[in-house]
Structures are given as structure tokens and as C-alpha cells.
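Results of the structural survey
What follows is the residue order along each chain.
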Amino acid sequence: MRNVRRLFLRCLRLGHRRKFTYLNLVTDYLRYGRLCLVSLTHNSFTNSDVVIESLFEPVYWLVDHVTRWFGIVFVALVILLTSSIVLIVYICVLPLILQTYSTGWICWHLTYGHWNLILIVFHYYKAITTPPGYPPQAQKNTPSVSVCRKCIAPKPARTHHCSICNRCILKMDHHCPWLNNCVGHYNHRYFFSFCLFMTLGCIYCSISSRVMFREAYAAIETYSQTPPPAFSFRERVFHKCIIYLWVLCSSVAVALGALTLWHAMLITRGETSIERHINKKERKRLQGKGKV
């Protein structure tokens, strides 16, 4: 009887041991699977910026390919909008200036207006047609700082690969769709000068047409009155052209003026837009380690 009881207790203990063995085995497998999953995704350099860039990678790909094909459209749009403003100034604004202003103010407007227009056209043409600068393609025995992973070619300092142009750019600032060209070492000054003089031209047009804008806006407000005011078709077109001129110039002056100030600040710091982003991340990373 005692032998049977001992055998029974031994079987119970063996069953418990097998049960716990299977449970421990399943737990080990779960821990191993979790470790494998974490090892595939863990990176000591991963932070919120890396996660956000990874999430926006499809958007970047779409923008790169769309910008590559629509660059010519953006350039044509700049030329069309600028030409429309120039035509409105010549047809609507300039005759009123010649009729109402004194001789000194007329000379000043004619001189400054045409000087600003020539500078805008010249710098925009140079920014479009001037290559931004590319690394030398000839193979040399001199050691390089690094090699571009996409071009598989030497990559000088301050050089970055443009995914739209599909080549490396010397001192690359950014790819501008309004130029259909990269802004780099050789055309950065033309890009900044174009932004500066375009901003000044838009401010000049907005200030010069502010009185006509108020009169045109007040006239358009009366269109819905009964009976309607006796404005001719030419007068109605004149009112709408003045509204279009002032709104477009004021909007461009604000947006492009902010961009010009941003690049002026970068020039004073000796940085490009890409370097500003890289240096900001580096300062933050070194600050976490107690370094400068």
C-alpha cells in the first residue's frame, strides 16, 4: 500500500514538472521572439526625428518625382505671373502716374521701376541657366573625404546628393522648383538676388497701387447695389486688375520676404539650409552628451 502511494505521488510530481517545463519553454520562445523583433527595429541613433522622416519617406518620394516633372510648369508660372503684373503696371498704373504725379516723382518711378525689373529678369535668368556646381568626375588618386552612396563617386565637403537632379551638388542649399534647378555653389548668389529684388519689386508695386486698390475695392463693393452703378466694361476690368495686382504683390512680398530674410540669416552664419538642419541636430545630440 505504501509503495502504491509513493508511486502515485511520484507521478503527480512528474506531471507538475512536465507542465512547468512546457510553460517555461513557451515563455522562453515568447521572450526570444520579442528579442528578435526588437533587434530588427532597435537603433541607438533612433529618435523622434528619424521616426518622422521614416513616416514621411513616401511623401518625399512623391515630391521628388512630381517636382522633377513639374519644374518647367513652375518656371512658366513664374514668368506668366510676373508678365501679367508688368502688363497691368504699364497699362493701368503708369498712365495714372504720368497724369497725376510731378516730374520728379515720374522720373523716380520710371528709373526705379525699370531698374528693379531688369535686375529681376537678369538674376532669374542666371539662377535658372547657371549650373549649381558638380564634383569633378575625373578619377584622381587624392584621398576623398567620403563617397556618395548613390553616385558611387568622391563627395567633397559640403556636397549633398539631390534626389531630383539625381547627382551631387556642391554646397547644395536646396532644389528650387520655381527655378527647376538646384541652388548650389555657383548660382546661390543669383537665387538670393532674385528673391531680394522680387521682394522689393512687389513691395514697390503694393505701395504704389495702394490708393488705387482702395478705390477699386470700394467700387467693387457697389456692384451688388440696386440699381447697379454705371461702370463700363473697361472700368470693371480696371478695378479687377488693380485688385489682382495688389493682392498678388502683397502676398508674394510677405512670403518671399520671409524666405529672403531666412537666407540672409543663413548667409551671415555661413550655412546652407541643409547644413542648418544638420548642425541643429548635431548640437542637440552633443548637448545630450554634455558637449558643445
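Residues numbered from 1 in each chain as written. Predicted model: local features only at pLDDT ≥ 70, side-chain atom pairs only at ≥ 80, totals over all residues. Heavy atoms only, no water.

**Notes on the pattern of salt bridges**
- Applying the stated criterion to the full structure yields 4 salt bridges.
- Here Arg 158 ties to Glu 275 by a salt bridge, and the two come within 2.7 Å at their closest N and O atoms. A residue pair is termed long-range when its members are at least 10 positions apart, and Arg 158 in the loop between β2 (154–155) and β3 (159–162) and Glu 275 in helix α8 (residues 273–288) qualify at 117 residues.
- According to the relative accessible area criterion, Glu 275 is buried, its value standing at 11%.
- Note that Arg 276 and Glu 271 form a salt bridge whose closest N and O atoms lie 4.0 Å from each other. (Salt bridge = Lys/Arg side-chain N within 4 Å of Asp/Glu carboxyl O. Helix = DSSP H or I, 4+ residues; strand = E, 2+ residues; numbered from the N terminus. Buried < 20%, exposed > 50% of the residue type's maximum accessible area, 1.4 Å probe, protein only.)

**Side note on the side chain of Thr 199**
- Turning to its location among the elements, Thr 199 is positioned in helix α5 (residues 188–208).
- You can call Thr 199 buried: its relative accessible area is 8%.
- At 2.7 Å, the side chain of Thr 199 and the backbone oxygen of Cys 195 are in polar contact. (Polar contact = N/O pair within 3.5 Å; in protein donor to acceptor, adjacent residues only side chain to side chain.)

**Remarks on the packing of aromatic side chains**
- Taken as a whole and judged by the stated rule, the model has 11 aromatic pairs.
- Arranged with centres 5.7 Å apart and planes meeting at 85°, the rings of Trp 115 and Phe 197 form a pair that is edge-to-face. Within this pair, whereas Trp 115 is found in helix α4 (residues 103–129), its partner Phe 197 is found in helix α5, the two being separated by 82 residues in sequence.
- Assessed through its relative accessible area of 14%, Phe 197 is described here as buried. (Phe/Tyr/Trp six-rings, centres within 6.5 Å; stacked < 30°, edge-to-face > 60°.)

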